[in-house]
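Remarks on the overall topology
Below, each chain spelled out in residue letters.
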Amino acid sequence: MDDLARACSLDKSNPQYCTDYASVLSWQASTRGQAIAQLRAVHAASPKYMPAIARLAQILSWNKATRAEATALFQEGLNLEPQNVDLLDSYAELLSYDPPQRTMALSL
């Protein structure tokens, strides 16, 4: 993890390092907020970088309070890559949490 943190801090122009670092941070509840902040920064700097969009949307989908933001990010990502299977799968999972959306989740 230290190597990813260092790579991210040394090369802000490469969104992969910071996205990967944020992904590792998301594994623990105690560092999840830091992961979200990191991914938001990557998304702001590289708004079409799909791995950051997908990971941020997925993490935000875990918390009921941030699911609306997650939904918007999933839709943003699917506008960029409508056939992205990983994104479709994660979005369907989010939709499945809400009973009225389950039919749509199954169709995805």
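The following refers to the structure shown.

A closer look at the overall build of the protein
Counting its regular elements, the protein contains seven helices and zero strands. Helices and strands appear in the protein in the N-to-C order α-α-α-α-α-α-α. Taken against the 2.2 N^0.38 rule, which gives 13 Å for 108 residues, the C-alpha radius of gyration of the protein at 14 Å falls within 12% of a compact globule. Here the C-alpha coordinates of the protein stretch approximately 45 × 30 × 20 Å along the principal axes. The proportion of buried residues among the 108 residues of the protein is 37%. Per element, the accessible surface of the protein, about 6400 Å² overall, is 53% carbon and sulfur. Taken as two groups, the 9 positive and 11 negative side-chain charges of the protein have centres that lie 7 Å from each other.

Concerning helix α2 (residues 15-25)
The α-helix advances 3.6 residues per turn, and as a result positions three or four apart in sequence lie on the same side. Buried residues dominate α2, accounting for eight of its eleven residues. Three or more residues of α2 are buried, namely Pro15, Cys18, Thr19, Tyr21, Ala22, Ser23, Val24 and Leu25. On its buried side, α2 packs onto α1 (2-10), α3 (32-45) and α4 (50-61). A distance of 2.9 Å separates the backbone nitrogen of Gln16 from a side-chain oxygen at the start of α2, and that oxygen is part of Asn14.

Calculation notes
- Residues numbered from 1 in each chain as written.
- Predicted model: local features only at pLDDT ≥ 70, side-chain atom pairs only at ≥ 80, totals over all residues.
- Heavy atoms only, no water.
- Helix = DSSP H or I, 4+ residues; strand = E, 2+ residues; numbered from the N terminus.
- Rg over C-alpha atoms; globule rule 2.2 N^0.38 Å.
- Buried < 20%, exposed > 50% of the residue type's maximum accessible area, 1.4 Å probe, protein only.
- Areas by Shrake-Rupley, 256 points an atom, 1.4 Å probe, with all protein chains shown as cover.
- Lys, Arg positive; Asp, Glu negative; His and termini not counted.
- Charge placed at Lys NZ, Arg CZ, Asp CG, Glu CD.
- Contact = heavy atoms within 4.5 Å.
- Polar contact = N/O pair within 3.5 Å; in protein donor to acceptor, adjacent residues only side chain to side chain.

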